[in-house]
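The primary structure of each chain is shown beneath.
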Amino acid sequence: MREKWVVAAKRADFDRIGTHFGIDPVIARVMRNRGMTDISEMEIYLHGTGADLHDPHLMKDADRAARIILEKIHSAKRIRIIGDYDIDGIQAAYILLKALRRLGAEADTVLPDRIRDGYGLNDHLVTKASADGIDTILTCDNGISAGEQIRMAKGLGMTVIVTDHHEIPFEETDGLRREVLPEADAIVNPKQRDCTYPFTGLCGAAVAFKLVQILYEQAGIPVSEADVFLENAGFATVGDVMDLQGENRILVKLGLSRLRKTQNKGMRALILQKNLDPAQLKSYHIGFVLGPCLNAGGRLETARLSLELLLCEEAPRAAVLAQEIAELNESRKLMTAQAVRQAEQIIEERGYGQEKVIVVFLPDCHESLAGIVAGRIRESHYRPVYVITRGEEACKGSGRSIDGYSMYEEMCKCRELFLKFGGHPMAAGFSVEEKNIDLLRRSLNEQASLTEQELIPKVTIDVPMPIDYLYEDLIRQLELLEPFGKGNEKPVFADRNLEIESLKTFGAEGRVIRMRLKNERGTRMDAVYFGDIENLRLALEEKYGRAAAEDTVNGTRSRHVSLDFLYYPEIDTYYAQPRIQMKIIGFSA
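Residues numbered from 1 in each chain as written. Predicted model: local features only at pLDDT ≥ 70, side-chain atom pairs only at ≥ 80, totals over all residues. Heavy atoms only, no water.

A. Inspection of the packing of helix α8 (residues 204–219) against helix α9 (residues 230–239) at higher detail. Two elements in contact, α8 and α9, have axes separated by 7 Å at closest approach and are oriented at 155°. It follows from the interaxial angle that α8 and α9 lie roughly antiparallel. Judged by the twist between their axes, the crossing of α8 over α9 is left-handed. Residues A205, A206 and F209 of α8 touch α9, and the partners they reach there are L230, N232, A233 and A236. Of the residues belonging to the contact of α8 with α9, the class tally is six nonpolar, one polar and no charged. (Axes fitted to C-alpha atoms, helices over the stretch in contact; angles between N-to-C directions. Helix = DSSP H or I, 4+ residues; strand = E, 2+ residues; numbered from the N terminus. Parallel < 35°, antiparallel > 145°, perpendicular 65-115°, else oblique. Left-handed = near helix turned anticlockwise from the far one by under 90°. Contact = heavy atoms within 4.5 Å. Nonpolar A, V, L, I, M, F, W, Y, C, P; charged D, E, K, R; others polar.)

B. Region of interest: unusual backbone geometry. Note that the residue after E482, namely P483, is joined by a cis bond; omega there is 5°. Structurally, P483 can be placed in the loop between α18 (472–477) and β16 (493–506). Phi at A76 takes a positive value of approximately 60°, unusual for a residue other than glycine. Among the structural elements, A76 can be located in the loop between α4 (62–74) and β2 (78–82). Located in the positive-phi region is N275, a residue other than glycine, with phi close to 55°. As for its position among the elements, N275 is in the loop between α11 (265–273) and α12 (283–300). Among the residues examined, N275 registers a relative accessible area of 71% and is labelled exposed. (Buried < 20%, exposed > 50% of the residue type's maximum accessible area, 1.4 Å probe, protein only.)

C. Structural detail: the sheet that holds β2. Read from one edge of the open sheet, five strands run β3-β2-β4-β5-β8, paired in parallel fashion. Strands at the two margins of the open sheet, each flanked by one partner only, are β3 (106–110) and β8 (186–188). Geometrically, the sheet is characterised by an average inter-axis angle of 20° between neighbouring strands, direction not taken into account. (Pairing = 2+ DSSP bridges.)

D. Representation of the side chain of D135 within the structure. Within the secondary structure, D135 sits in the loop between α6 (123–131) and β4 (136–140). Looking at D135, the relative accessible area reads 16%, which means it is buried. A polar contact of 3.0 Å, which involves the side chain of D135, links it to the side chain of K72. Those residues within four positions of D135 in sequence are excluded, and the remaining contacts are K72, K77, R78, M158 and T159. (Polar contact = N/O pair within 3.5 Å; in protein donor to acceptor, adjacent residues only side chain to side chain.)

E. Just the packing of α6 against helix α7 (residues 147–155), in detail. Where α6 contacts α7, the axes come no closer than 9 Å and their chain directions differ by 15°. Classed by the angle they form, the pair α6 and α7 counts as roughly parallel. Judged by the twist between their axes, the crossing of α6 over α7 is right-handed. Mapping the contact onto sequence places D123, V126 and T127 in α6 and Q149, M152 and A153 in α7. Partitioning the contact of α6 with α7 into residue classes produces three nonpolar, two polar and one charged.

F. Representation of the side chain of D84. Along the chain, D84 turns up in the loop between β2 and α5 (87–102). With relative accessibility at 3%, the residue D84 sits in the buried group. Excluding residues that lie within four positions of it along the chain, D84 makes contacts with G89, I90, L111, P112, Y119, G120, C140 and D141.

G. Here's a closer look at the pairing of β3. Residues A107 and T109 point to one face of β3 and are all buried, whereas E106, D108 and V110, pointing to the other face, are not buried. Pairing analysis gives five bridges linking β2 to β3, with the strands arranged parallel. Among the inter-strand pairings, I79 is bridged to a residue of β3, identified as A107. In this fold, the crossover linking β2 to β3 by way of α5 has right-handed handedness. (Right-handed = clockwise from strand over helix to strand, strands pointing away.)

H. Structural context of the packing of aromatic side chains. Going through the model one piece at a time under the given rule, you end up with 13 aromatic pairs. Geometrically, the ring pair formed by Y408 and F421 is tilted, given 5.8 Å between the ring centres and 40° between the ring planes. With Y408 in helix α16 (residues 407–412) and F421 in strand β12 (residues 420–423), the pair connects residues that are 13 residues apart, well separated along the chain. Ring plane angle 40° and centroid distance 5.2 Å describe the contact between F418 and F421, whose orientation is recorded as tilted. Directly above the aromatic system of Y45 lies the positively charged group of R249, at a separation of 3.6 Å from the ring centroid. The cationic tip of K490 hangs over the ring face of Y568; the distance from NZ or CZ to the ring centre is 4.5 Å. (Phe/Tyr/Trp six-rings, centres within 6.5 Å; stacked < 30°, edge-to-face > 60°. Lys NZ or Arg CZ within 6 Å of the ring centre and 35° of its normal.)

If you want it as structure tokens, here you go:
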């Protein structure tokens, strides 16, 4: 897929900023590219601490929710926490359950079954709570869209408190939007229009953490005791793919610091099960190693397995649970690969890849994998993608979007075609009748205003940086920019016309490619690329022809060949003397 490379052009006095913080101007330039405009913002970005987190009392209804919960605890009323089956919902439920038990509550937790219950609060969970003698339902990572179910719960005499972070449902009349809020006793969601909390990008677990801070304060417990949940809030922030900006960035930094020395036996067992060094954990490991394991339980069996792992107090049992969850994730990966192959075949045969919005029906795909498959298809086609599977009562689907296409808002435009839907600008979940799938495909494409330029993936280069400039201290300073993730992506650097002096492939599938590169001034540097050598061969063939490309990738170079490279510099510690190497991100003729 052809990419459009653009250089970030935001301006500032990078030398002055570098001098102020004692950093290389390159680091200052990256911070400016991440949207920071003044020294105070950059100070928090580089050195933010728990003292820089916002006051939880600013969140609408948070104090009210805490008062209600404490009154219920003092009256010995039964409280049921209803979470969700993904990382955020599991971690949020864990935070609230541990905190309420610390406060002496008679509390339990129910995580919806993905297949039987679907997302969030539903009729079955409400009637079950009533039958179980529950007085108060406390939601986390869901509830803001459950107006009917909350009315049902209220009708059955229950108190309902909603903690959530998803978009607020709205109705639009004559171009004016009106929030549609459920009739709960308290709603804690920073996205409410009249909420004064200064940061709206929290995940569900972070909202739960904020509520716990107030609960502890009102109960006379040191608020610092709530800090034990920072690792859970930080984990969920990465796992739920929230923007790592503002308060989220601090939460993840603090969470990672605690996770590296976690006392949670279940989490420690999972870290060791995946052969990770706890002291070296980064956001990458949450997003791509540990997080998918916690999600796997909710995808293929029950999210209660992952919650049980977090609640486990015995190391031997934790080790067993961690192994089971890791094995489930391996099964999930195999099933996902099969579903992606099937989706790609359908897209090619039916020409869906030419449409602005891809809607693909995979009736036999496990419905829990729809979101992952949609993400993979989005990566390969750079289109908004909706993947729909056949459920027990209706078809269920998940969507993954691209910049410039708000998935939730586009779905609102054809809400009559959905049985149920919700989500964010970049992701959504829904249910739909099978007979309406083709109509949905047409409707989403007809209303899509995406231009051809918006359908070309854009790679933003932070700094065009010749490899001559690289030095060890600069690479170590790049660690100040971590944690990396959505909204705070790993910086991208570029250099032009680097000659490939040598090339070798390693690994069982030849997907580790090591090169020796040389620039026009004679500076040489090692480089590594983890990917398909076919991509490299095609770039070389475009510039030099098939023969030269084949010779280069086969290691029998017959002429000088060079490409433009995107890279990230790192220190290679494999050798006795550590050396700088380039981790190749992309290349172009």
